[in-house]
Amino acid sequence: MVVERKIKARLLKNLIPGKVNVVYGARRVGKTFLIKQIADELNVNYLWLNGELPETQEILEKKNLNEYRNIFAGFEIIIIDEAQAINDIGKILKIVVDELPHLKIIASGSSAFDLANNLGEPLVGRAFWHEMYPLAQLEIANSENFFETARRKEERLIYGSYPEIYTLEGFEQKEEYLRDLVNSYLLKDILILDGVRNSSKIYDLLKLIAFQLGKEVSLNELGTQLGMSKNTIEKYLDLLEKVFVLKKIPGFSKNLRKEVTKSSRWFFWDNGIRNAVINDFKSLAFRNDTGELWENYLMMERLKKNGYEKNNVETYFWRTYDQQEIDCIEVKNGEIEAYEFKYSSKIAKTPGGFAHAYPESSFSTVNKDNYLDFII
């Protein structure tokens, strides 16, 4: 399957002299493959640097302009992969952009907090930012017909959408890949941080979140179960979100007394990662969490769509203390759109409390019959 990544066109458009294009996202979502593809297709002289190599770090961290001139001479594009591994990479790129404005620069990285801290402030006005996710149905749509999409729906709920999953034919291979991905790659950015030493605790936290998929979680209860403080739980969840493993969805409210607002719901960016964490790859016929997998899939696919299309939508869930709830609320320019997710073909009714509180809003059911209209 050949898939055209959604950010490719925008990246090419923004690949201009005197600017840095930052490509970031979880490990193994295809950042390096895409950048190599673009560099090869442009057919120009480019310099590829791996930011995790000591020799790359040694050269760039000197901040020696004369050395930069010599190193970059004769190249039109400079590519720095895993840029977050280089100390002061933001200041380094600022020097290069300001002093060598003829260069086109691409920097990629897998760790949002490192990239933000080391790149963000120095590159204000000098950078374009491109977030990559696991493959979106929006990207796959042009590579398969309706019947292929329908046939692969269950597989995506179970094995997710990481690019390499689509190159593996056997279920055992897919399961082995996902387990290795969780154990060897996804938590790497957290475990190398100073002060984060207990990988087993992070893994146990992920399991607890996985079993409460799309549900509100109590930080105090998680702390009690794991023998950790609420603040530590909060810190780990924040890090798991910043390395693109989890996504937090807050509660929506206009300060009505009955609405739940202080808690959040947590989702996995990829269903396959969630199932690898709990080591459960059974087919839907033998599961009791199909509804949760469906909700997670739709929520993440919608976020990918909104992210790639730059829709600037705020996403929430809605629930009241008397147990009325809606899975997904989107707010844009003051307009409210509500969506209830159903794996069956049922059509949900608008909760009375919501209809009364927000009479100008819209309400729709997203089910297995119409879901493609929601995520493509």
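Preceding this paragraph is the structure being described.
Below or above, wherever it landed, is the structure these notes cover.

## Observations regarding the layout of surface pockets
By volume, the largest pocket is sized at about 640 Å³. If you trace the largest pocket, you find 22 residues lining it, with R28, V29, G30, F33 and P163 closest to the centre. Ranked by the residues each element gives to the lining of the largest pocket, the list is headed by helix 2 (residues 31-42), at five residues.

## Digging into helix 9 (residues 171-186)
Here helix 9 contains 16 residues, and its C-alpha end-to-end distance of 21 Å stays within 8% of the 22 Å for a straight helix at 1.5 Å per residue. At D180, helix 9 is deflected by roughly 25 degrees, the largest bend along its length. All of the buried residues along helix 9 are K174, E175, Y177, L178, L181, V182 and L186. The inward-facing, buried residues of helix 9 contact helix 8 (146-159), helix 10 (188-191), helix 11 (199-211) and helix 14 (271-277).

## Some words on the packing of helix 11 against helix 12 (residues 219-226)
Interhelical geometry of helix 11 versus helix 12 gives an angle of 130 degrees and a closest axis separation of 11 Å. With respect to helix 12, the axis of helix 11 lies oblique. Note on packing geometry: the crossing formed by helix 11 with helix 12 is right-handed. Facing K201, D204, L205, L208 and I209 of helix 11, the residues of helix 12 in contact are L222, Q225 and L226. Residue composition of the contact of helix 11 with helix 12, by class: five nonpolar, one polar and two charged.

## Observations regarding the environment of E82
Structurally, E82 can be placed in the loop between strand 3 (77-81) and helix 5 (89-99). Taking C-alpha positions, E82 is 9.7 Å from V23, a pair spaced 59 residues apart along the chain. At 3.0 Å, the side chain of E82 and the side chain of Q84 are in polar contact.

## A look at the packing of aromatic side chains
Counting across every chain of the model gives 17 aromatic pairs. Ring centres of F341 and F374 lie 5.6 Å apart, and the angle between their planes is 65 degrees; this geometry places the pair in the edge-to-face category. With a gap of 33 residues between them, F341 in strand 10 (residues 335-341) and F374 in helix 17 (residues 371-375) connect regions that are remote in the sequence. A relative accessible area of 7% places F341 in the buried class. According to the relative accessible area criterion, F374 is buried, its value standing at 5%.

Procedures and definitions
- Residues numbered from 1 in each chain as written.
- Predicted model: local features only at pLDDT ≥ 70, side-chain atom pairs only at ≥ 80, totals over all residues.
- Heavy atoms only, no water.
- 1 Å grid on protein atoms, 1.4 Å probe; cavity = no way out; pocket = protein on both sides within 12 Å on 5 of 7 lines; lining within 4 Å.
- Points joined across faces, edges and corners; volume = space filled by probe spheres on them.
- Helix = DSSP H or I, 4+ residues; strand = E, 2+ residues; numbered from the N terminus.
- Expected span 1.5 Å × (residues − 1).
- Bend = angle between axes of the 7 residues up to and from the residue.
- Buried < 20%, exposed > 50% of the residue type's maximum accessible area, 1.4 Å probe, protein only.
- Contact = heavy atoms within 4.5 Å.
- Axes fitted to C-alpha atoms, helices over the stretch in contact; angles between N-to-C directions.
- Parallel < 35°, antiparallel > 145°, perpendicular 65-115°, else oblique.
- Left-handed = near helix turned anticlockwise from the far one by under 90°.
- Nonpolar A, V, L, I, M, F, W, Y, C, P; charged D, E, K, R; others polar.
- Polar contact = N/O pair within 3.5 Å; in protein donor to acceptor, adjacent residues only side chain to side chain.
- Phe/Tyr/Trp six-rings, centres within 6.5 Å; stacked < 30°, edge-to-face > 60°.

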